[in-house]
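# Close look at the chain arrangement
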Amino acid sequence: MTTETEATTAEQPSANGADRLAGQPDIIMTEGVDKWFGDFQALDDVTLSVKEHEIVVILGPSGSGKSTFIRCLNRLEEHDAGRIVIDGIELNEDVRNLRAIREEVGMVFQQFNLFPHLSVLNNITLGPQKVRRMPKLDAEQLAMELLERVGIPEQADKYPTQLSGGQQQRVAIARALAMRPKIMLFDEPTSALDPEMIKEVLDVMRELAESGMTMLVVTHEMGFAREVADRLVFFDEGQLIEQGTPQHFFESPREERTKLFLSQIL
Amino acid sequence: MAEQPPIPPPAAAAPPQPPRKVVLPPHRERAHRPWRVRAEEWVRRNLFASPGQTLLTFASLALVGLVIAGAVWFVFFQANWRVITVNRWLLFAGGFPLDEKWRLWLSVALVFPLIGAAYGMWASLGRRDLLFIALAGAFVFFLTAHGDAGPSSSVWFAASLALFFLGYRVCRFVPRETGRPRTLAVRTLAALLALALPLVLIVLMVGGGAQASQFGGFMLNLILAPVGIVGGLLLAVPLALGRASSLRAISWTCTAYIEVIRGAPLIGWLFVALFILEDVISSPLIVRTMIVLAVFTAAYVAEYIRGGLQSLPRGQGEAGHAVGLSHLQTLQVIVLPQALRVSIPPIVGQAIGLWKDTALISIILPLRELVGNSRAAIAQAEFIPDRIEVYAFAAVLFWIVAFMMSRISQRMERAQGVGER
């Protein structure tokens, strides 16, 4: 970490929850994480901790490493240096650790990535049945409850291609929730959606945030960031540049690059 | 015009009106004209629209007419079909003991309902299919009714045909839309199809049946091709996965296998079965041939499956991992089902190719399949001049099966609806 780009931390993250996170343990800890793609350094010495039940929104220009960072958290990308510890489990070559972590971390992708050859219901029951060894009927009941929760129980027997983008993304959220994760990662969940469908997905995410889920969200939805996030984190060129409450961010950002970025998107 | 709604009684003061003329939409109008007018129009539009087209139409008609006339002349007036009726057993079953004929027919009766079921599951019998079945059926009936085949063969074939339609009928009750009942039915049928070949071999061989070395004629083609295709498919899946593996040793080995096998013609590999493989595996020639066919087919099918694997978005595997599935589970339930579905059409093409390639076997090996025994038939002094008859007959038999395979595969592709893609 060079002095020039040293991350600045604002006051205790509490804007939306009024110290609701006080005393919560860290559930995600990363320390000096590096990631290279060939000669290109995608992550440069990223250190970040997230408390249980905290909502962290990650901002940054494209190519800044924000997606790479959350993809490292469930090892869809392997980090090249540094430590990642999730709920006390070290993320390393050990397959058992990886398996344990993936069972606790749900992920929602920009492109939904539903399984097109399985019905909506089977998309959701797959994980619980195959990984948690849940009996079929229980898994289906769970899936129906989750579809109810994301508001599309009537689509259970359809196939993903028969649904709208917003509906597909809600199924993807239900699929991730079916594993009863402690942490949910969202990788630009609304970027591939038509404008009229963004709200239905954000509403589901809001409800999820209120229920106490720990969430890391990469997004360009500033309204969502302002209302829901406990903390905003800004990435640029693979480095964590600045973090703080939404209030701090939108009213008095410290770093020049943050100011530049915010002036471009607001 | 017949379906005009009744006109409400006119108001008292209204003057009498002439009946209203109903104007039909254009397509109804057309449908109402006599068929002769429509036929005339179709001919004019599709065959004689311009001088150039007229010329081409007549040229094509002349060509087709010439070929058909020549064929009819040959089949009904010129050819000596005795060479077929006398050598019928040789051509169909080779050295299979004649006393065990019932075993062959029982095999046919086992397989036919399954083919019918496949039709019923993925297609419906259209006019063209029925025409084909009628022609092919008439052809076989002619063969069984003529000469010394005996009435029992006709009865067996009639029963098999009836079973074909029974299988078809039963599978028509399976709902078309994807869902649990259909999945169950498809799985059952797939299992039965997979069991068919071993079952046929049991029927042919067990309990005083034939030796493998006695298999011959058309029946040998019908046994070797499915073994090659099924065996090839089973080998191809690990090969394709191996080639895509990130472990260099594995991917290089698989790539080398694929490139070496595809680098030489099948006929060369049959030489290997004849001369080299014997020193490695001591087994009858027919088994070595099966191995070579499977190994050869696997190299091609593996490449088609690799194409299917590459066509999947990367996110599919990632989503599987993110849900917590292991690498193996992701392959098994997410990646392979989708990749295989994509590669069905080229795999069927390969299967049809292999079916026809079984004719190569007799060129190299002392295994007498249909073409080999055709040569044996015209080696008899009496039938030396009849070689066109024999080879034309063999060609028709090959064509019947190849055409059926191609029809079923076309229908299967079209039947792949939403969600199966």
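We now turn to the structure provided with this report. What you see is a predicted model; the values in this text were computed from it and never measured.

Cut-offs and rules
- Residues numbered from 1 in each chain as written.
- Chains lettered and ligands numbered in written order.
- Predicted model: local features only at pLDDT ≥ 70, side-chain atom pairs only at ≥ 80, totals over all residues.
- Heavy atoms only, no water.
- Pairing = 2+ DSSP bridges.
- Helix = DSSP H or I, 4+ residues; strand = E, 2+ residues; numbered from the N terminus.
- Contact = heavy atoms within 4.5 Å.
- Axes fitted to C-alpha atoms, helices over the stretch in contact; angles between N-to-C directions.
- Buried area = accessible area lost by both parts, 1.4 Å probe.
- Salt bridge = Lys/Arg side-chain N within 4 Å of Asp/Glu carboxyl O.
- Polar contact = N/O pair within 3.5 Å; in protein donor to acceptor, adjacent residues only side chain to side chain.
- Phe/Tyr/Trp six-rings, centres within 6.5 Å; stacked < 30°, edge-to-face > 60°.
- Buried < 20%, exposed > 50% of the residue type's maximum accessible area, 1.4 Å probe, protein only.

### What to know about the sheet that holds strand β2 (residues 26-37) of chain A
Residue and element names in this part refer to chain A. Spatial strand order, β3-β2-β5-β6: 4 strands in an open sheet with antiparallel pairing. Only two strands of the sheet have a single neighbouring strand rather than two, namely β3 (40-51) and β6 (89-90). Pairing of β2 with β3 involves 8 bridges; the strand directions are antiparallel. Looking across to β3, one finds that Val33 is bridged to Val46. Across the face of the sheet, helix α1 (residues 66-73) comes into contact with β2, β3 and β5 (81-86) while running at roughly 60 degrees to β3.

### A closer look at the interface of chain A and chain B
Contacts between chain A and chain B engage 26 residues on the former and 23 residues on the latter. Summed over both sides, the interface of chain A with chain B buries roughly 2100 Å², with 57% coming from carbon and sulfur. Looking only at chain A, the three residues that lose the most surface to chain B are Arg102(A), Phe115(A) and His117(A), adding up to 26% of its buried area. Applying the counting criterion to the chain A and chain B interface returns 2 salt bridges. The shortest N-O distance in the salt bridge between Glu318(B) and Arg71(A) comes to 2.7 Å. Between the two partners, chain A and chain B, sit 6 residue pairs in polar contact (both at pLDDT 80 or more). At the level of elements, α2 (95-104), β7 (105-108), α3 (120-130) and α4 (136-150) of chain A are the ones that each hand at least two residues to the side of chain A that touches chain B. Top element by residues in the side of chain A that touches chain B is α3(A). It accounts for 3 residues.

### Considering the packing of aromatic side chains
All names here are of chain B. Per the stated rule, a full pass over the model turns up 23 aromatic pairs over all chains. Both rings, one in Phe164 and one in Phe165, keep their centres 5.3 Å apart while their planes meet at 90 degrees; by these two values the pair is edge-to-face. Its relative accessible area of 32% is what places Phe165 among the partly exposed residues. Consider the rings of Trp399 and Phe403, whose centres lie 4.9 Å apart with planes at 25 degrees: the pair is stacked.

### Comments concerning the side chain of Gln168(A)
All names here are of chain A. As for its placement among the helices and strands, Gln168 is situated in helix α5 (residues 165-177). For Gln168, a relative accessible area of 16% puts it in the buried group. Sequence-distant contacts of Gln168, defined by excluding residues within four places in its chain, comprise Phe112, Leu114, Pro160 and Leu163.

### Some remarks on unusual backbone geometry
Residues and elements named next belong to chain A. Here His53, not a glycine, exhibits a phi torsion of approximately 70 degrees, which is positive. Within the secondary structure, His53 is located in the loop between β3 and β4 (55-59). On the basis of relative accessible area, His53 is assigned to the partly exposed category, the value being 29%. Its identity as a non-glycine residue notwithstanding, Asp87 has a phi of 50 degrees, on the positive side. Position of Asp87 among the secondary structure elements: in the loop between β5 and β6. Relative accessible area serves as the criterion here: at 28%, Asp87 is assigned to the partly exposed category.

Don't take any of this as a statement about function, it's just geometry.
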